[in-house]
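# Reading the structure
What follows is the residue order along each chain.
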Amino acid sequence: QVQLVESGGGSVQAGGSLRLSCAASGRTFSNYGMGWFRQAPGKPREFVAGISRGGGSTTYADSVKGRFTISGDNAKNTVYLQMNNLKPEDTAVYYCAKSRTAYSHNAVISYDSWGQGTQVTVSS
């Protein structure tokens, strides 16, 4: 069973930055795609960003393109989400997830392991 542990959430003002980390057990990032999702109260979980195994390719939701950057460190088996120019609508619980394949996907069903989530709150 893969374990994913997120960290780095917090409260910031609009325009600020945060970096989320997702530490995975085993050699997860070397073998599988990884994704970041978020879920705001009363809304479905939505895809934010994804990275293929080893970091070969990345993909983003339109709402975060140009502001968020996903990256990974094979040696540390950790995936990051750098979030810049944060907006109040980015407020949500952010989840790290492991893909079922070597690639990232934008569908929740494509992931089989999830972290516990970390809260991000952006005030105006």
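In this report, the structure presented in the accompanying data block is examined. Note on numbering: residues in each chain are counted from 1, in written sequence order. Reporting in this predicted model follows two pLDDT cut-offs: at least 70 for local features of residues, and 80 or more for side-chain atom pairs to be given and counted; totals over whole chains, interfaces and linings ignore these cut-offs and use all residues. Side-chain numbers come from the whole structure's heavy atoms, not from hydrogens or water.

## Re the nonpolar core
The tendency in soluble globular proteins is for nonpolar side chains to be buried as a group. Selection criterion: Definition used in this section: a nonpolar core is a set of buried Ala, Val, Leu, Ile, Met, Phe, Trp, Tyr and Cys residues joined via side-chain atoms within 4.5 Å. Each residue is placed in one exposure class: buried if its accessible area under a 1.4 Å probe, protein chains only, is under 20% of its type's maximum, exposed if it is over 50%, and partly exposed if it falls in between. Secondary structure elements follow DSSP: runs of H or I no shorter than four residues count as helices, runs of E no shorter than two count as strands, and numbering proceeds from the N terminus. Contacts were defined at the residue level, with two residues in contact if any of their heavy atoms lie within 4.5 Å.
One finds Trp36, Leu81, Met83 and Tyr94 to be the most contacted residues of the largest nonpolar core, which totals 26 residues. Only strand E3 (18–24), strand E4 (34–39), strand E5 (46–51), strand E7 (68–73), strand E8 (78–83), strand E9 (92–99) and strand E11 (118–123) provide two or more residues apiece to this core. A per-element tally of this core places E3 first, with four residues. Non-local contacts of Met83, meaning those with residues more than four positions away in its chain, are made with Gly16, Ser17, Leu18, Leu20, Arg67, Phe68, Tyr94 and Val120.

## Observations regarding the side chain of Thr28
With respect to the helices and strands, the residue Thr28 is situated in helix H1 (residues 28–31). Excluding residues within four positions of it along the chain, Thr28 makes contact with Val2, Met34, Asn77 and Lys98.

## A look at the sheet that holds E7
Using the following cut-off: For two strands to be treated as a pair, DSSP must find at least two bridges joining them. All axes here are fitted lines through C-alpha atoms, helices being fitted over the stretch that makes contact, and every angle between N-to-C directions spans 0 to 180 degrees.
The four strands lie next to each other as E1-E3-E8-E7, forming an open sheet whose pairing is antiparallel. Whereas interior strands pair on both sides, the edge strands pair on one side only; in this sheet they are strand E1 (4–7) and E7. For this sheet, the mean inter-axis angle between neighbouring strands, taken without regard to orientation, is 15 degrees.

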